[in-house]
Amino acid sequence: MTDADLLRSLGVDPSQLDPAPPWAPRQSAGAERLDGSHPCVRCGDPARATGDRAGHSRRWLDRCMSCLIATPRGGSRAPLADTLAVLRQAAHEAGVDLTIVADES
């Protein structure tokens, strides 16, 4: 998934994101952003994860953990049936009763 695709999936206008520093030590600057004062771009809750995106110059993409987890990720995805099969097999091997409810639409 490209940066543009990610921002589009979140409904975020990249020009509204805070500029990120152009220099290399962005990791420390990103850690400093997680002080609770920056809202999630998707829901407005305090951001607990951040990253910089290069698509429209460097911009911070601040998200709470719920929105980070709900965000589509790049790369190829296995079909849902394959993922569910792996979960069922793991539960069986662990001796755990498992009920999976999935929206396959």
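For the structure given in this document, a descriptive report is provided here. This is a predicted model, so every value here is computed, not measured.

## What about the overall build of the chain?
- Counting its regular elements, the chain contains four helices and two strands.
- Its helices and strands in sequence order give the chain the pattern α-α-β-β-α-α, from N to C terminus.
- Contacts in the chain between residues at least 24 apart in sequence constitute 46% of all its contacts with a sequence separation of at least 6.
- Taken as a whole, the chain presents about 7,200 Å² of accessible surface, with 52% of it coming from carbon and sulfur.

## Observations regarding helix 1 (residues 3-10)
- Turning to helix 1, its buried residues number three or more, namely Leu6, Leu7 and Leu10. For helix 1, the angular spread of buried residues about the axis comes to 95°, placing them on one side.
- Looking at the packing, one finds that the buried side of helix 1 touches strand 1 (49-53) and strand 2 (59-63).

## Structural notes on the nonpolar core
- Judged by nonpolar contacts, Leu6, Leu7, Leu10, Val12, Leu17 and Leu61 together constitute the single largest core of six residues.
- The biggest single contributor to this core is helix 1, with three residues.
- Residues in contact with leucine 10, not counting those within four places in the same chain, are Val41, Arg42, Leu61, Arg63 and Thr71.

## What to know about the environment of threonine 50
- Within the secondary structure, threonine 50 is located in strand 1.
- Separated by 16 residues in the primary sequence, threonine 50 and leucine 34 place their C-alpha atoms 7.4 Å from one another.
- Those residues in contact with threonine 50 that lie beyond four places of it in its chain are Gly30, Arg33, Leu34, Trp60, Leu61 and Asp62.
- A polar atom in the side chain of threonine 50 sits 2.4 Å from the side chain of aspartate 62.

## A short note on the side chain of arginine 63
- Counting through the fold element by element, arginine 63 comes out in strand 2.
- In this view, arginine 63 contacts Leu6, Leu10, Cys40, Val41, Ala47, Arg48, Ala49, Arg53, Leu68 and Thr71; residues no more than four positions away in its chain are not counted.

Conventions and cut-offs
- Residues numbered from 1 in each chain as written.
- Predicted model: local features only at pLDDT ≥ 70, side-chain atom pairs only at ≥ 80, totals over all residues.
- Heavy atoms only, no water.
- Helix = DSSP H or I, 4+ residues; strand = E, 2+ residues; numbered from the N terminus.
- Contact = heavy atoms within 4.5 Å.
- Areas by Shrake-Rupley, 256 points an atom, 1.4 Å probe, with all protein chains shown as cover.
- Buried < 20%, exposed > 50% of the residue type's maximum accessible area, 1.4 Å probe, protein only.
- Arc of directions from axis to C-beta.
- Core = buried A, V, L, I, M, F, W, Y, C linked by side-chain atoms within 4.5 Å.
- Polar contact = N/O pair within 3.5 Å; in protein donor to acceptor, adjacent residues only side chain to side chain.

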